[in-house]
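Each chain, letter by letter, is given below.
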Amino acid sequence: MNSLKDFLLNKGYTKIKLHLTRTNHFAIIAKINGQKGLFILDTGASSSCVGFEGIDTFKLEATDSDIKAAGAGATNMFTQISKRNTLKIGKWKKNRVALILFNLTHVNTALTNHDAKPVDGIIGADVLKKGKAVIDYEKKYLYLKM
């Protein structure tokens, strides 16, 4: 019997190592517009997000959004949106990715209070769906369809 890894690789997926944080979240390294960052993998987040402080780092063109963000104990947060970004996770790459920008201070405060590294953003269900993601929790790998 084939392993999950062999099965998915034969189906055209690529394998990305997940890193378990001190807060029991999975984190990954990803590139936005060619710039590396650290991101939490969050299947419960509907949209992928970057903190406002990442606008210059990731070369984002941001415009105001009417959508208010909520999550991780905060609600009704002002957001901006950045469209037409390139996202690369391992060998997987997607163009024209929209990202929500909002204040990640509450997220990073919670992480650093537990001796975890602050993050640049969150990879959410929008990207996971585009990549037909499969998460191997036991072996700590994310698989995305090429």
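The structure under discussion appears in the preceding block.
The text that follows walks through the structure, step by step, so that each part is easy to find. All values derive from a computational prediction rather than experimental measurement.

About the cut-offs
Residues numbered from 1 in each chain as written. Predicted model: local features only at pLDDT ≥ 70, side-chain atom pairs only at ≥ 80, totals over all residues. Heavy atoms only, no water. Helix = DSSP H or I, 4+ residues; strand = E, 2+ residues; numbered from the N terminus. Buried < 20%, exposed > 50% of the residue type's maximum accessible area, 1.4 Å probe, protein only.

1. Considerations on the environment of I16
Within the element layout of this structure, I16 appears in strand β1 (residues 13–17). Overall, the relative accessible area of 6% leaves I16 in the buried class. Between the alpha carbons of I16 and A98 there is a distance of 21 Å; along the sequence they are 82 residues apart.

2. Some details on unusual backbone geometry
Unusually for a residue other than glycine, R96 sits at a positive phi of about 60 degrees. Checked against the element boundaries, R96 lands in strand β8 (residues 92–102). Owing to a relative accessible area of 68%, R96 belongs among the exposed residues under this scheme. The phi dihedral of D115 falls on the positive side, at around 60 degrees, and the residue is not glycine. Looking at D115, the relative accessible area reads 58%, which means it is exposed.

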